[in-house]
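Chain residues, written in single-letter form:
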Amino acid sequence: QVQLVESGGGLVQVGGSLRLSCAASGRTFSSYVMGWFRQAPGKEREFVAAIRWSGGITYYADSVKGRFTISRDNAMNTVYLQMNSLKPEDTAVYYCAADPRIYNMNYIRLANQYDYWGQGTQVTVSS
């Protein structure tokens, strides 16, 4: 059973930084794609970033490119999202997601392609 547990959310001022963590367990994740999505009140869940566990290829939404960095720690089975230069529009619940069968990069940004999800962690950026 795959389990994903997010942590690291909180309240931060505009321009500040946060690092989210996603601890993964229950499988060997070497073939997985790990993603971060976010959902603000009244909005659809949107893609933020993703990483292929094997090889470490990364993908980003245009809205976060240059500000956010996704990475993984093989020994800790953990994926991170370093968020810098935070803006009020980054306020959302952030979800970690995982799937072993996303081979086409065009599908990496689609939430419905991911089978496993964490419970989410709230990020609030205040102005």
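If you're wondering where the values come from, they're calculated on a predicted model, not measured in any experiment. (Residues numbered from 1 in each chain as written. Predicted model: local features only at pLDDT ≥ 70, side-chain atom pairs only at ≥ 80, totals over all residues. Heavy atoms only, no water.)

J.: Account for unusual backbone geometry, naming residues and giving values.
T.: For Asn 77, which is not glycine, the phi torsion reads 50° and is therefore positive. Relative to the helices and strands, Asn 77 is located in the loop between β7 (68–73) and β8 (78–83). Look at Ser 85: it is not a glycine, yet its phi comes out positive at around 50°. Along the chain, Ser 85 turns up in the loop between β8 and β9 (92–99). (Helix = DSSP H or I, 4+ residues; strand = E, 2+ residues; numbered from the N terminus.)

J.: Tell me about the side chain of Thr 121, and name the residues and values.
T.: Position of Thr 121 relative to the elements: it lies in strand β11 (residues 121–126). When sequence neighbours within four positions are dropped, the list of residues in contact with Thr 121 reads Glu 6, Ser 7, Gly 8, Gly 9, Leu 20, Ala 92, Val 93 and Tyr 94. (Contact = heavy atoms within 4.5 Å.)

J.: Any details on the state of the cysteines? Residues and values, ideally.
T.: On inspection of all chains with the given rule, the structure shows one disulfide. Between the sulfur of Cys 22 and that of Cys 96 lies a disulfide, 2.0 Å long from S to S. For the disulfide bridge between Cys 22 and Cys 96, the dihedral angle about the S-S bond is near -75°, and by the sign convention the bridge is left-handed. Here the residue Cys 22 occupies a position in strand β3 (residues 18–25), and Cys 96 occupies one in strand β9, the gap between them amounting to 74 residues. Taking the relative accessible area as the measure of exposure, Cys 96 reaches 0% and is therefore buried. (Disulfide = S-S within 2.5 Å. Buried < 20%, exposed > 50% of the residue type's maximum accessible area, 1.4 Å probe, protein only.)

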